[in-house]
Amino acid sequence: MRAFDLDAWMARSRALDLSEIDWAAVRLCSVSSDTIRTLRYMQDIEFHTIIYMRKLLATRAIDDPEVATFLACWLHEETFHGLALASFLDAAGHPVGPRRRPRSREPLAQWLESRAIAALSSVWPDFCAVHMVWGAINELTTLTGYRRLAAIAGHPVLTELLERIMGDESRHFFFYYRQAEQRLQHPAPARVARLLVDRFWAPVGSGVGPADDLIFMARYLFAGDDGRAAVRRVDDTIRRLPGFATVRLLEAWMDRHVGALTS
Ligand SMILES: [Fe+2]
Ligand SMILES: [Fe+2]
């Protein structure tokens, strides 16, 4: 796999280009209620990036100049993904209303999790390795989710919009994956990162929105043969990272929470 060119990416990093999206055409094709529910959830998760960032700002991830630079541009791009999905929902006649719980009001469990992450980061010099693996898994899952949504929804304007978002997500994934690959070369960080992923990983968005919505979305996007194949591709890609050859991720989570995938 080629190297990630951070300078080139930074120079190109910008708000999602929506200039050619035909918003007026959104209503010319029907959008199912299942697609709307999925988009609402995804839109909320995109906007939640700023909260994820708050956790990271308290860790030594920001001491690494490359990672800190990446995170600044990454947050900018993810924010525009949220805005783009909100625009689609609006054009489809389902505008996003105010959030039930303000983002600034952090549930106790998440507050404790943030403190634990900050504490771990302060005592473990290789903390960034686990953050990079986590980012790679989440970006790949997101990218795969959008690809599946475009295929399932079959809506031309949504497909066009998602293709643009997927371009960003694949670059995000590439950065995290290359970083993880380098940082996991040493057995000690690889062992600890693997242990933490085995113990604590859950799909991106877990604990952010209602659990029912996450389960619904997972079933909607990943049930059936094509969905199962996509889930396995995510797991297989992460298994190529040093120390992760036997990791069980998305497919195992689907089996536990959505029901066993057939065959
Ligand atoms: Fe995104
Ligand atoms: Fe992303």
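Residues numbered from 1 in each chain as written. Chains lettered and ligands numbered in written order. Predicted model: local features only at pLDDT ≥ 70, side-chain atom pairs only at ≥ 80, totals over all residues. Heavy atoms only, no water.

> Would you mind going over the coordination of the iron ion (ligand 1) with me for this structure?
Each angle at a metal carrying four tetrahedral donors should ideally be 109.5 degrees, and each at a metal carrying six octahedral donors should ideally be 90 or 180 degrees. Around the iron ion (ligand 1), the protein supplies E46 (OE), E46 (OE), E78 (OE), H81 (ND1) and E169 (OE) as donor atoms, at distances of 1.9 to 2.3 Å. Counting along the primary sequence, the residues that act as donors to the iron ion (ligand 1) give the motif E-x31-E-x2-H-x87-E. Separating the iron ion (ligand 1) from the iron ion (ligand 2) is a distance of 3.8 Å, and E78 supplies a donor atom to each of them. Here E78 lies in helix α4 (residues 65-91) and E46 lies in helix α2 (residues 33-47), a separation of 32 residues in the sequence. Of the residues examined, E46 reaches a relative accessible area of 5% and is grouped as buried. (Donors = N, O, S within 2.8 Å, 3.2 Å for Na, K, Ca; no water. Helix = DSSP H or I, 4+ residues; strand = E, 2+ residues; numbered from the N terminus. Buried < 20%, exposed > 50% of the residue type's maximum accessible area, 1.4 Å probe, protein only.)

> Just to check I follow, could you spell out the pattern of salt bridges for this structure?
Opposite charge on two side chains permits them to pair, given that their charged atoms come into close proximity. Summed over all chains, the structure comprises ten salt bridges. For E160, the salt bridge goes to R164, with nearest N and O atoms at 2.7 Å. With a gap of four residues between them, E160 and R164 both fall in helix α7 (residues 156-183), about one helical turn apart. When its relative accessible area of 30% is taken as the criterion, E160 is described as partly exposed. Put simply, R194 and D198 hold a salt bridge, and the shortest N to O gap is 3.0 Å. Here the residue R194 and the residue D198 both occupy positions in helix α8 (residues 187-200), the gap between them amounting to four residues, near one helical turn. (Salt bridge = Lys/Arg side-chain N within 4 Å of Asp/Glu carboxyl O.)

> How do you make sense of the packing of helix α6 (residues 127-153) against helix α10 (residues 224-238) when you look at a structure like this?
Helix packing geometry: the angle between the two helix axes and the distance between the axes. Running from amino to carboxyl end, α6 crosses α10 at an angle of 160 degrees, the nearest separation of the two axes being 10 Å. With respect to α10, the axis of α6 lies roughly antiparallel. Seen from above, α6 lies across α10 with right-handed handedness. Only D226, G227, A230, V234, T237 and I238 of α10 make contact with α6, whose side of the interface consists of A136, I137, L140, T141, T144 and R148. Of the residues that constitute the contact of α6 with α10, the class distribution is six nonpolar, four polar and two charged. (Axes fitted to C-alpha atoms, helices over the stretch in contact; angles between N-to-C directions. Parallel < 35°, antiparallel > 145°, perpendicular 65-115°, else oblique. Left-handed = near helix turned anticlockwise from the far one by under 90°. Contact = heavy atoms within 4.5 Å. Nonpolar A, V, L, I, M, F, W, Y, C, P; charged D, E, K, R; others polar.)

> How should the coordination of the iron ion (ligand 2) be read in this particular structure?
Looking at the iron ion (ligand 2), the protein donor atoms are E78 (OE), E139 (OE), E139 (OE), E169 (OE) and H172 (ND1), and they sit 1.9 to 2.7 Å from it. Taken in sequence order, the residues that donate to the iron ion (ligand 2) follow the motif E-x60-E-x29-E-x2-H.

> Just to check I follow, could you spell out the packing of aromatic side chains for this structure?
The description of an aromatic ring pair rests on the distance of the ring centres and on the angle between the ring planes. Evaluation of the coordinates by the stated rule reveals twelve aromatic pairs. Measuring from ring centre to ring centre gives 5.2 Å for F4 and F175, while their planes differ by 75 degrees; the resulting arrangement is edge-to-face. Of this pair, F4 sits in the segment before α1 (6-12) while F175 sits in helix α7; the two residues are 171 residues apart in sequence, bridging distant segments of the chain. F175 matches F4 in its accessibility class, with the two residues each being buried. Ring centres of F70 and Y176 lie 5.1 Å apart, and the angle between their planes is 80 degrees; this geometry places the pair in the edge-to-face category. Here Y176 lies in helix α7 and F70 lies in helix α4, a separation of 106 residues in the sequence. Looking at F70, the relative accessible area reads 0%, which means it is buried. (Phe/Tyr/Trp six-rings, centres within 6.5 Å; stacked < 30°, edge-to-face > 60°.)

> Which parts of the structure should I look at to understand the confidence of the model for the chain?
Interpretation of the predicted coordinates at a detailed level should be avoided for regions scoring low in pLDDT. Looking at the chain as a whole, the pLDDT averages 91, with 98% of positions reaching at least 70. By mean pLDDT, helix α5 (residues 108-123) is the weakest element of the chain at 78, and α7 is the strongest at 97. (pLDDT = per-residue confidence, 0-100.)

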